[in-house]
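# Survey of secondary and tertiary structure
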Amino acid sequence: MARKRSLDVEKYEEILVEERDRLRTELKRIEDKAAGRDRLHSDQAGQDFDEPGGDAATETVERAQSMAVGASLREQLEEVLAALEKIENGTYGICDACGKPITKKRLSVLPWATLCKECRANLSTM
Ligand SMILES: [Zn+2]
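Residues numbered from 1 in each chain as written. Predicted model: local features only at pLDDT ≥ 70, side-chain atom pairs only at ≥ 80, totals over all residues.

## Considerations on the overall build of the protein
Along its length, the protein carries four helices and zero strands. Going from N to C terminus, the protein has its helices and strands arranged as α-α-α-α. Looking at the 126 residues of the protein, the share that counts as buried comes to 11%. A separation threshold of at least 6 residues defines the contact pool for the protein, and within that pool the share at least 24 residues apart is 65%. (Helix = DSSP H or I, 4+ residues; strand = E, 2+ residues; numbered from the N terminus. Buried ≥ 20, exposed ≤ 12 C-beta atoms within 10 Å, placed from the backbone. Contact = placed C-beta atoms within 7 Å.)

Here's what the structure looks like:
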């Protein structure tokens, strides 16, 4: 009486765990880089006076960019963690909003999807 799963959950779990580790590494790299750049900047502050404004402006833009990248990585990490939690709970592949199964096609593109296509689309228009 083995209950056959319609989804190859193990395969998705593997992808999700890999993705979680990748995102964590990437986030740490960005944070380290931001911290390292701060030190570098204050060390060189005296030498860069002949280029007024230039470096500071680049710095600000780059910092804003890595903060944006960091924020979107963190967002994605949360989605991945939510999907892994759904695997634990046995609700993986089920839409959080309507309870209908998420299509395999969608899961193969977005293994961390916790909403079906319709609910996700409704969410973005809100
Ligand atoms: Zn749904």
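## Here's the deal with the nonpolar core
Membership of the largest hydrophobic core is limited to ten residues, which are Tyr 12, Leu 16, Val 80, Ala 83, Tyr 92, Ile 102, Leu 107, Trp 112, Ala 113 and Cys 116. Broken down by secondary-structure element, the contributors of at least two residues to this core are helix H1 (9-44) and helix H2 (54-89). Residues within four places of Cys 116 in sequence aside, it is in contact with Cys 95, Cys 98, Lys 100 and Ile 102. (Core = buried A, V, L, I, M, F, W, Y, C linked by C-beta atoms within 7 Å.)

## Side note on the environment of Arg 20
By the secondary structure assignment, Arg 20 is in helix H1. Excluding its chain neighbours within four sequence positions, the residues that come into contact with Arg 20 are Leu 77, Val 80, Leu 81 and Leu 84.

## Quick word on the confidence of the model for the protein
Across the protein, the average pLDDT comes to 85, with 80% of residues at 70 or higher. Per-element averaging of pLDDT across the protein places H1 at the bottom with 85 and helix H3 (residues 104-109) at the top with 94. (pLDDT = per-residue confidence, 0-100.)

## Observations regarding the environment of Arg 63
When you line up the elements, Arg 63 lands in helix H2. Each C-alpha atom, one on Arg 63 and one on Ile 30, is 9.9 Å from the other, the two residues being 33 residues apart in sequence.

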